Structure formats: structure tokens, C-alpha cells
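Take a look at the letters that make up each chain.
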Amino acid sequence: MEAIENQEAKIIYWVLEKCDTVALRYFYGIGDGEGEMLVAIDRKERASKLCGVFEKLGERLDVRSFEKRLIVQKRVYMLQLHPEFHPYLGYHYSLFIHGPYSPDLADIYYHIPKDVKPAEIDVSREALEYGREVMRMDRATLEIASTIIEVIRVNRGISDERIVEHVHMLKPSYKSAEIWDILLMVKNLKRKYNLVF
Amino acid sequence: MPSPLVIHLDTSVLLPLVDKKKLVSKEDEVRSLNNFHRSLLRGNQKIKVSIVVLGEFLNKAINSKERCEDLIWELQVFISQMKGRFSVYVPKFRDFGAHFAEVLQGALECDDYLRDHPADAIILVTAILDEEASCLYTFDTNLVFSTRIADYVRNKRDEYGFKRLRIRPPPTSRR
């Protein structure tokens, strides 16, 4: 019985996710208690996908220290630019002290249920190659790359010179030459893997 | 003795900065700002927040229901720790303040984002018109990353003969 209810809740959640959530919740009269259950199922699924992506790339999702969480934040940011990884991740990012930061993602990795099983991740070899490139990036590269991408997103059609100038203004501890190198790397990755940004 | 650095804070920074008990902020958000918090208490920087920032802060506190008083208490503690170096800033509608409407209009024209975010627009213009201000610290993606807003701020400050105003997240000592 419980399994059936669980299944039912999953279906309702899927519908809610695909459609106008607020309107449908109102339509179905889903109250707070049921809402919490749906949120818990959603969290577990998202945690499972997150662990699955890291496992697929041969990495453990390690969030035990601040430094490690920072790297996870940036890796997920970069990974979900790829159209094949995006459906498994798809976190909303805002800005924090070290560049783009997702409170939604933090919420997931802070509450990973003990019994979570990594989801099956079905991506192409080419996507895996991109994923491994992201996993090889150090923290500074991830931080600058994600900042560059946000500058490009907010300022469509901006010149490369202006991107470097603006990122350098935001992150003065990095030399312009370093930012140029990472900008070129980001542009190459975009071309090679059809990244969306 | 050099004059103290004057910085404006947006609500997105003020909240996690004072929310040491993580009443409405996440652990990493509060922790990321620990160094900045310490440097503010140790240094001689002056903090100014616009009346809109204070309003947004109070709104957040009110909406946090049972934690309302705790959050306001945290702000009071921070203000007292700053020992007179924290103020709520409202530009007077004299002198440069007389240009408030014009500067606001210009800001709205330079980036559509500000048209839909009036509080951010007022916070930005308040900082632009504060001659003493050196930085506006914010976590608002559009304010920080927009080169149109950066250019507008630079031009306005140059026009009034004010020093440069940087719009960016708070500094971090870690690289």
C-alpha cells in the first residue's frame, strides 16, 4: 500500500514539475503535509541523481569541508552547462562570495538521505569526456570560468576584452593573463561540447 | 590619518553578515562572510545602508515569523559592535541629492533589469550619490555582472567628480 502511495506521489510530483506548480497544487488541493512529502521525494531523487553523476565520473560527492563544498558547487555549475548532464542536475544559481552559488544544491547535499542510491546516468562518451575535464579543473579555474560565463550571460554580445576587464575588476587577485587563458578555455569547451550559456 | 573607507551594503550581504545563528541564511553563506565580518569589526571602515536595505531586512525578519526578534537582535548586536561606524543613509534632496530622480531615470534606461527591481535601483542610486562611498557590496548577479550598469556608475561618478564606486561581492582573503 505504502509503495503504491509512493508511486502515486511520484506521478503527482512529476506532473507538478512539468506544469504550473502553484496552479496545480491549488487545483488538486495539495496541502502542507502532502507538500512536505513531495518535497522529501524530490530531494531524495535529486540527491540520487547528484550522487549518480559524480559516481559516473569516478568521483565521490565529498561535502565534508567548506573547501570541498565550494568545489562541488562549481563543478555542478560547469557540468550542467552540458545538455546531457543538465536533466540530471538543473540547479538554479545565484551569486555568492566565490562566484556562482546554488542554495538549492546546498540544500540537497546537506540533506542526503543515508539510504540514497546513486541514480543510473545515461550520457554519451563525449559528455563523459567533458565531465572528466570539469573534474580535473582546480578551484581557481572553476571559480574564474563560472564567473566568466555569468558575465557572458548577463551581457550578450560583450567583447572578450570587456569580459576580461570586468572579471579582473571583480576578482583582482587573478591576473588578466590568467583570466584570458580561462576565457579561451571556456570558449573552446563551448564549441567542442555545445555547452549552453 | 587616512579617511575611513565607506562601503554600502545591499540586503543580500547584510542578512548573512549579521545572521550568525543562521536563522534565515545557510551555513556556507554565513561562513563565507566570517573573514569579512571580522575585518569590519577590526578595521575602520564605515558601513552605510540605504533605508530600502533596512526595510528589506525588516521585511525578511517579519516574514521569518518566530525568528523575527532574534534577527533584529542580531542586527542590533552588529550595529553596537561597529561602534558608531554603521549608519542608515538617505540622500538629501539638496546638492547632489537633487539629481536623484535624474540618476534613477538614467539607471532604469541603462539596464531593464532595474525596471523590474525597483528596490535594487534605489539602493544603487543611493550609493552612486554618496560622495564618500567606495564600494557597494552585493550578491545581486545582475548588479555585479552587468557591464552596462558598471559603465553607467563610472560615468555618473566621473560627472560629479566622485571617486570610483565598485559594485561587487564582499572581498575574500582566500584565493
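Since this is a predicted model, take the numbers as computed values, not measurements. (Residues numbered from 1 in each chain as written. Chains lettered and ligands numbered in written order. Predicted model: local features only at pLDDT ≥ 70, side-chain atom pairs only at ≥ 80, totals over all residues.)

Participant: When you look at the overall build of chain A in this model, what are you seeing that I'm missing?
Facilitator: Each helix and strand counted, chain A has 9 helices and 2 strands in total. Traced from its N-terminal end to its C-terminal end, chain A shows the element sequence α-α-α-α-β-β-α-α-α-α-α. Within chain A, the proportion of its 197 residues that are buried is 31%. For chain A, long-range pairs separated by at least 24 residues make up 66% of all intrachain contacts whose partners lie at least 6 apart in sequence. (Helix = DSSP H or I, 4+ residues; strand = E, 2+ residues; numbered from the N terminus. Buried ≥ 20, exposed ≤ 12 C-beta atoms within 10 Å, placed from the backbone. Contact = placed C-beta atoms within 7 Å.)

Participant: Whenever I open this one, the overall build of chain B confuses me. Can you help?
Facilitator: If you tally the helices and strands in chain B, you get 10 helices and 5 strands. In chain B, which comprises 175 residues, the proportion classed as buried is 38%. When contacts within chain B are restricted to residue pairs at least 6 apart in sequence, those whose partners lie at least 24 apart make up 73%.

Participant: Would you explain the domain arrangement of chain B in this entry?
Facilitator: Residues and elements named next belong to chain B. Each assigned domain of chain B is listed with its residue range as follows: domain 1 (6–89) and domain 2 (95–166). The centre of domain 1, based on its C-alpha atoms, is set 22 Å off from the matching centre of domain 2. With 13 residues of domain 1 at the interface, the matching set in domain 2 holds 15 residues. Considering each element in turn, the side of domain 1 that touches domain 2 owes the most residues, 4 residues, to strand β1 (residues 6–9). Counted by class, the side of domain 1 that touches domain 2 contains 7 nonpolar, 3 polar and 3 charged residues. (Domains from an automatic or database assignment. Nonpolar A, V, L, I, M, F, W, Y, C, P; charged D, E, K, R; others polar.)

Participant: Sorry, what's going on with unusual backbone geometry here?
Facilitator: The phi dihedral of Asn194(A) falls on the positive side, at around 55°, and the residue is not glycine. The residue Asn194(A) is located in the segment after α9 (176–193) in this model. For Asn194(A), a count of 13 C-beta atoms within 10 Å corresponds to the partly exposed category. One non-glycine residue, Lys22(B), lies in the positive phi region at around 55°. Tracing the sequence through the fold places Lys22(B) in the loop between α1 (11–18) and α2 (27–32). Assessed through the 13 C-beta atoms surrounding it within 10 Å, Lys22(B) is described here as partly exposed.

Participant: Would you explain the nonpolar core in this entry?
Facilitator: Inside soluble globular proteins, nonpolar side chains tend to come together where they are buried. Ile148(A), Leu14(B) and Leu124(B) are the most contacted members of the largest nonpolar core, which has 83 residues in total. Here this core takes 7 residues from helix α7 (residues 139–154) of chain A, the largest share from any one element. The residues that make up this core include at least three from each of domain 1 (6–89) and domain 2 (95–166) of chain B. (Core = buried A, V, L, I, M, F, W, Y, C linked by C-beta atoms within 7 Å.)

Participant: So what exactly am I meant to see when it comes to the sheet that holds strand β2 (residues 46–50) of chain B here?
Facilitator: Strand pairs in the sheet, formed through backbone hydrogen bonds, run parallel or antiparallel to each other. Residue and element names in this part refer to chain B. The 5 strands are arranged β3-β2-β1-β4-β5 in an open sheet whose pairing can be described as parallel. The strands lining the two open edges of the sheet, one partner per strand, are β3 (86–89) and β5 (166–168). Along the sheet, successive strands turn relative to each other by an average axial angle of 25°, direction set aside. (Pairing = 2+ DSSP bridges. Axes fitted to C-alpha atoms, helices over the stretch in contact; angles between N-to-C directions.)

Participant: Just checking my understanding: could you explain α7(A) for this structure?
Facilitator: An α-helical turn contains 3.6 residues, so a residue and the one three or four places further along point in the same direction. Relative to the 22 Å expected for 16 residues at 1.5 Å per residue, α7(A) spans 23 Å between its end C-alpha atoms, a close match to the ideal helical length. Along α7(A), the residues classified as buried are Leu142(A), Glu143(A), Ile144(A), Ala145(A), Ser146(A), Thr147(A), Ile148(A), Ile149(A), Glu150(A), Val151(A) and Val154(A). Considering only its buried residues, α7(A) is in contact with α4 (66–79), β2 (99–101), α8 (160–170) and α9 of chain A together with α9 (141–145) of chain B. (Expected span 1.5 Å × (residues − 1).)

Participant: Just checking my understanding: could you explain the confidence of the model for chain B for this structure?
Facilitator: Do not read the fine detail of predicted coordinates wherever pLDDT is low. Summing up the model confidence of chain B, the mean pLDDT is 91 and the portion of residues at 70 or higher is 94%. In the predicted complex, the global pTM is 0.81; the interface-specific ipTM is 0.82. (pLDDT = per-residue confidence, 0-100.)

Participant: What is the right way to read the packing of helix α6 (residues 100–110) of chain B against helix α10 (residues 147–159) of chain B from this model?
Facilitator: Packed helices, taken two at a time, are described by their axes: the angle between them and the distance between them. All names here are of chain B. The interhelical angle for the contact between α6 and α10, taken along N-to-C directions, is 155°, at an axis separation of 9 Å. In terms of their interaxial angle, α6 and α10 are classed as roughly antiparallel. Our pair here, α6 against α10, has a crossing hand that is right-handed. Residues Val103, Gly106, Ala107 and Cys110 of α6 touch α10, and the partners they reach there are Arg148, Ile149, Tyr152 and Lys156. When grouped by side-chain class, the residues that make up the contact of α6 with α10 number 5 nonpolar, 1 polar and 2 charged. (Parallel < 35°, antiparallel > 145°, perpendicular 65-115°, else oblique. Left-handed = near helix turned anticlockwise from the far one by under 90°.)

Participant: Sorry if this is basic, but what is going on with the environment of Thr138(B) here?
Facilitator: All names here are of chain B. Residue position: Thr138 is located in the loop between β4 (133–137) and α9. Here the alpha-carbon distance between Thr138 and Pro170, two residues 32 residues apart in the chain, equals 7.1 Å. The contact partners of Thr138, leaving out residues within four places of it in the chain, are Asp10, Ser12, Val13, Leu143, Val144 and Ile167.

Participant: Help me understand the pairing of β4(B) in this model?
Facilitator: On a regular strand, each side chain points to the face opposite its neighbour's, so the side chains alternate between the two faces of the sheet. Residue and element names in this part refer to chain B. Pairing of β1 with β4, which is carried by 4 bridges, proceeds in the parallel orientation. Each bridged residue has a counterpart across the sheet, and for His8 the counterpart in β4 is Leu136. Direction of pairing for β4 relative to β5: parallel, over a ladder of 3 bridges. By the bridge assignment, Cys135 is partnered in β5 with Arg166.

Participant: For this particular structure, what's the right way to read helix α4 (residues 51–63) of chain B?
Facilitator: All names here are of chain B. Its 13 residues give α4 an end-to-end C-alpha distance of 18 Å, which sits within 8% of 18 Å, the value for a rise of 1.5 Å per residue. Residues of α4 that are buried: Val52, Val53, Glu56, Phe57 and Ala61. In the core, the buried residues of α4 are packed alongside β1, α1, β2, α5 (68–81) and α8 (118–128). Count one or two residues on from α4 and you reach Lys65, which has phi positive near 55°.

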